[in-house]
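Reading the structure
Here's the letter readout for the chains.
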Amino acid sequence: VQLVESGGGLVQPGGSLRLSCVPSEMVVTISTMRWWRQAPGKPRTMVAEIDGNFMTNYADFVNGRFTISRDNAKNTVYLQMNSLKPEDTAVYFCNMFLREIGIYRPKDYWGQGTLVTVSS
């Protein structure tokens, strides 16, 4: 199973983007879904997470600008990013704790990342 991200790109400061992430195959269950980001020369940092009960948690730097959501029917997680700043420039990674078909134990899966560039 691979996680397929989409929605990254170049946006001007103050603009918006919506990232999406979906597994490449059908899975049994997905519990927590997270978005992380990594800027050049910096460690990977969690941006937002949503659990199986739709409880959400955000990094302090989000400050109300981003919204994480999930569509369980589509096994998809989204990250709506508004009021983007140049410091939001990073590669954004999707992460899901899921159970594959035919596999007993769930485990963490990661996407390849999608680049978000905020620049005028």
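It should be noted that the structure appears before, not after, this text.
Values in this document were obtained by computation on a predicted structure and should not be read as measured data. (Residues numbered from 1 in each chain as written. Predicted model: local features only at pLDDT ≥ 70, side-chain atom pairs only at ≥ 80, totals over all residues. Heavy atoms only, no water.)

1. What about the overall build of the protein?
Across its full length, the protein holds zero helices and 11 strands. Computed over the C-alpha atoms, the radius of gyration of the protein is 14 Å, within 12% of the 14 Å expected from 2.2 N^0.38 for a compact globule of 120 residues. The principal-axis extents of the C-alpha atoms in the protein amount to approximately 50 × 25 × 25 Å. Counting only residues that meet the buried cut, the protein has 40% of its 120 residues in that class. Contacts in the protein between residues at least 24 apart in sequence constitute 53% of all its contacts with a sequence separation of at least 6. Just so you have it, the protein exposes about 6,600 Å², and 50% of that area is on carbon and sulfur atoms. Separation of charge centres in the protein, based on 12 positive and 10 negative side chains, amounts to 1 Å. (Helix = DSSP H or I, 4+ residues; strand = E, 2+ residues; numbered from the N terminus. Rg over C-alpha atoms; globule rule 2.2 N^0.38 Å. Buried < 20%, exposed > 50% of the residue type's maximum accessible area, 1.4 Å probe, protein only. Contact = heavy atoms within 4.5 Å. Areas by Shrake-Rupley, 256 points an atom, 1.4 Å probe, with all protein chains shown as cover. Lys, Arg positive; Asp, Glu negative; His and termini not counted. Charge placed at Lys NZ, Arg CZ, Asp CG, Glu CD.)

2. Thoughts on the environment of Trp36
Among the structural elements, Trp36 can be located in strand E4 (residues 27–38). For Trp36 and Tyr104, which are 68 residues apart along the polypeptide, the C-alpha to C-alpha distance reads 26 Å. Excluding anything up to four places from it in sequence, Trp36 contacts Arg44, Thr45, Met46, Val47, Val91, Tyr92, Phe93, Asn95 and Trp110. Within the structure, the side chain of Trp36 is placed 3.4 Å from the side chain of Asn95, a separation counted as a polar contact. (Polar contact = N/O pair within 3.5 Å; in protein donor to acceptor, adjacent residues only side chain to side chain.)

3. Considering the pattern of salt bridges
Opposite charge on two side chains makes pairing possible when the charged atoms of those side chains draw close. Under the criterion given, the structure shown has three salt bridges. Taking the shortest distance from any N to any O, the salt bridge between Arg34 and Glu49 comes out at 2.7 Å. Here Arg34, found in strand E4, pairs with Glu49, found in strand E5 (residues 45–50); they are 15 residues apart in sequence, far enough to count as distant. Taking relative accessible area as the criterion, Glu49 reaches 18% and is therefore assigned buried. Across the pair Asp88 and Arg37 runs a salt bridge whose closest N-O atoms are separated by 2.9 Å. Of this pair, Asp88 sits in the loop between strand E8 (76–81) and strand E9 (90–100) while Arg37 sits in strand E4, and the two are 51 residues apart along the sequence. The same class applies to Asp88 as to Arg37, namely buried. One salt-bridge network, in which partners are shared between bridges, spans Arg37, Arg65 and Asp88. (Salt bridge = Lys/Arg side-chain N within 4 Å of Asp/Glu carboxyl O.)

4. Considering the nonpolar core
Ranked by size, the top nonpolar core spans 29 residues in total, and within it Trp35, Val77, Leu79, Met81, Tyr92 and Met96 carry the most contacts. Every element with two or more residues in this core is listed here: strand E3 (17–23), E4, E5, strand E7 (66–71), E8, E9 and strand E11 (114–118). For this core, the element with the highest residue contribution is E9, accounting for five residues. (Core = buried A, V, L, I, M, F, W, Y, C linked by side-chain atoms within 4.5 Å.)

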